[in-house]
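Coordinates in review
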Amino acid sequence: MKKILYNCLIVLTMAATWSGCDDETTYKGGIPSPYVFAFDLLKIYKNADVVLTSENMGGANSIEGVVVSDHTSKNMLSGYLMVQNARNISSADSIRSIAISAGPAAANYKLGDLVRVKIEGKTLTRKNGMLQVTGVAESDITKVSSGNTIPTNKATTAQILADPARYESSQVTIAKVTFNPPLAPTGTYSGDKLINDSFGDLILRTDAGATFANDKPNVYANYTGVIVLTANTDGKLIPHLRMRTTADAKVLTAPEVPPFVITGICADPKGSDVNYEYIQFRATRNINFATENYSVVTTNNAGSPGTPPYGWGTGGARTYKINMTSGTVVKGEYFYVGGTQKTINGSGSTSIASAKWIRSYDYNGLDSDILNGATAAGGTKTGNLLANSGNASGVAIFKGIVVNINTVPVDVIFIGTGGTIYSAGPPAAGYRITTSDLYDQSDPSTGAPQEFYRAGTNLNAFPYLTPGDAGFFQAFGGAFDTNLGKWTKVRSQTGILMTATSTIAEIENVPNVTTEIK
């Protein structure tokens, strides 16, 4: 015991001795990096010109980053070098870039070059709308290496328009782009063109002197480039996208135009759900279901363990299919599939039997129409065709009445994210998606396949609406342009709280709430 006390006293004495040492021997911390990253550099600018110093750059005197500008095709702003964060990227949200006014020397550097630029003593300013470092000479720039990977932002036009400075001078990919309005058959890249990705419109700018200015654009593609800002007369920052070379346009195969789209569901009517649930669709063209068969499959994953072994074709408690093999609809018409009761909001509510019903089905008393999965079985009869809460649920439309492990839907929506519904494999398994306003069968930035919900970037899901049993109709409102063959406004969810006396007019043709067919 005495020995223990003696050792403790020694430790305490040593600690007191160390704490009593004079300041000359105190640890002063690590040596600051000589390189500031664009993410940190941008924070220095406070809407006024600032001279960059070692002090305001945290001990740094230079910026290090990967070059995202390329002047070989003559569509970049002359004299500007765009340098983007190359390291310490923890997420896409950390990607930032800065424009460096370097004069003719800017053209000496190519995509993927890692450079270090001395910026101490230079000025950080916003000029002609663009945040930039000025006063940089060719001797201030050192190339470290070439062929480096460039972290890429995947952004929607809505995100860019909402926060232009966030994406300024950085490399950005905008997915599933078409031109709005469509280009004439003789149309070229030259000038300002509006591109649309279902989230909004953004200017694609091509200088008349660009080597590809007179090329015919790809009418459906992923476009990558650099976001450049200009200021209008009111000082508002206006973003546009500049391609650097024709390689920035990745041609896509346009998805098959869906003959009708999912526009809403009543998953939780007031009171009992048994045979009162329904799905709303809207036609994008005329359809005769007797000669052109389709089917709708729902998935309810409550209490179902494991990845669905046969996807939408699994059957049992996982998926339920209703065939559509009779009836007609015309372009723009709403129509319904669901239970046998045909009321708008459960028992005792307004009848909507006079609406266009392509199929009403006793899902509580009957197993579903046959799926063509591992067996000839269908989905098991259920009191809830559509889930009210819990694990992820979904609705998918299929061409024809055969749905198996490989069948790809023509439209699909999901609600919720929980449960075991996707496995990366190999082989990958789960619920297949189609390329639409909400999902992509290939990663827009890398081109890697992602054919299932929850794979890659396919994470979009609408939330379950609360409180339960309130009588919500879930409207999935967007805008589908039949001339472009795509969504020009992505679908969003609106909960329409219904009563027993609600009418069909409350869930159809509601401006900015229900889906518009153009």
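In what follows, the structure referred to is the one given above.
The structure reproduced in this document is the subject of the present report.

**With respect to the environment of Val136**
- Structurally, Val136 can be placed in the loop between β8 (130–134) and β9 (141–145).
- For Val136, a relative accessible area of 8% gives the class buried.
- Among all residues touching Val136, those that are not within four sequence positions of it are Ile100, Ser101, Ala102, Val117, Lys118, Ile119, Lys122 and Ile141.

**Observations regarding the nonpolar core**
- Counting 47 residues, the largest nonpolar core has Phe260, Phe281, Phe289, Trp312, Met324 and Phe335 as the members making the most contacts within it.
- Looking at this core, the elements with two or more residues in it are β17 (260–268), β18 (278–283), β20 (294–300), β21 (319–324), β23 (334–338), β25 (393–399) and β26 (411–415).
- Sequence-distant contacts of Phe289, defined by excluding residues within four places in its chain, comprise Phe260, Tyr294, Met324, Thr325, Ser326, Gly327, Val329, Phe335 and Ile358.
- Residues Ala38, Leu41, Met57 and Ile63 belong to the second largest nonpolar core, which totals 27 residues.

**Considering the side chain of Ser73**
- Within the secondary structure, Ser73 is located in the loop between β3 (62–67) and β4 (80–84).
- Of the polar contacts made by the side chain of Ser73, one reaches the backbone oxygen of Arg244; its length is 3.4 Å.
- Once residues within four sequence positions are removed from consideration, Ser73 is found in contact with Ala210, Thr211, Phe212, Arg244 and Thr245.

**Quick look at unusual backbone geometry**
- Here Pro426 and Pro427 are connected by a cis peptide whose omega angle stands at -10°.
- Among the secondary structure elements, Pro427 is positioned in the loop between β27 (422–423) and β28 (429–430).
- Here the amide bond leading from Thr466 into Pro467 is cis, since omega sits at 0°, within 30 degrees of zero.
- Positionally, Pro467 belongs in the loop between β28 and β29 (472–481).
- The backbone of Asn128 sits at a positive phi, close to 55°, despite the residue not being glycine.
- Tracing the backbone shows Asn128 in the loop between β7 (123–127) and β8.
- By relative accessible area, which is 65% here, Asn128 ends up exposed.
- Look at Asn275: it is not a glycine, yet its phi comes out positive at around 65°.
- For Asn275, the location among the structural elements is in the loop between β17 and β18.

**Topic: the side chain of Thr245**
- In this fold, Thr245 is placed in the loop between β15 (237–242) and β16 (249–251).
- Residue Thr245 is classed as buried on the basis of its relative accessible area of 17%.
- The residues touching Thr245, leaving out its near neighbours within four places in the chain, are Thr72, Ser73 and Phe212.

**Examining the sheet that holds β20**
- An order of β21-β20-β25-β26 is seen for the four strands of this open sheet, with the pairing classed as antiparallel. Looking at which strands have only one partner, the edges of the open sheet turn out to be β21 and β26. The mean inter-strand angle of the sheet, taken between neighbouring strand axes irrespective of direction, is 15°.
- When β25 meets β26, the two strands line up antiparallel, connected through five bridges. Bridging from a neighbouring strand, Ser393 pairs with Ile415 of β26.

**Comments concerning the environment of Asp362**
- Within the element layout of this structure, Asp362 appears in the loop between β24 (357–360) and β25.
- Given a relative accessible area of 26%, Asp362 falls into the partly exposed group.
- For the pair Asp362 and Gly338, spaced 24 residues apart in sequence, the C-alpha to C-alpha distance is 8.3 Å.
- If sequence neighbours within four positions are ignored, Asp362 has contacts with Asn275, Tyr320 and Thr340.
- Within the local environment of Asp362, its side chain forms a polar contact with the side chain of Asn275, the two groups lying 2.7 Å apart.

Scoring rules and cut-offs
Residues numbered from 1 in each chain as written. Predicted model: local features only at pLDDT ≥ 70, side-chain atom pairs only at ≥ 80, totals over all residues. Heavy atoms only, no water. Helix = DSSP H or I, 4+ residues; strand = E, 2+ residues; numbered from the N terminus. Buried < 20%, exposed > 50% of the residue type's maximum accessible area, 1.4 Å probe, protein only. Contact = heavy atoms within 4.5 Å. Core = buried A, V, L, I, M, F, W, Y, C linked by side-chain atoms within 4.5 Å. Polar contact = N/O pair within 3.5 Å; in protein donor to acceptor, adjacent residues only side chain to side chain. Pairing = 2+ DSSP bridges. Axes fitted to C-alpha atoms, helices over the stretch in contact; angles between N-to-C directions.

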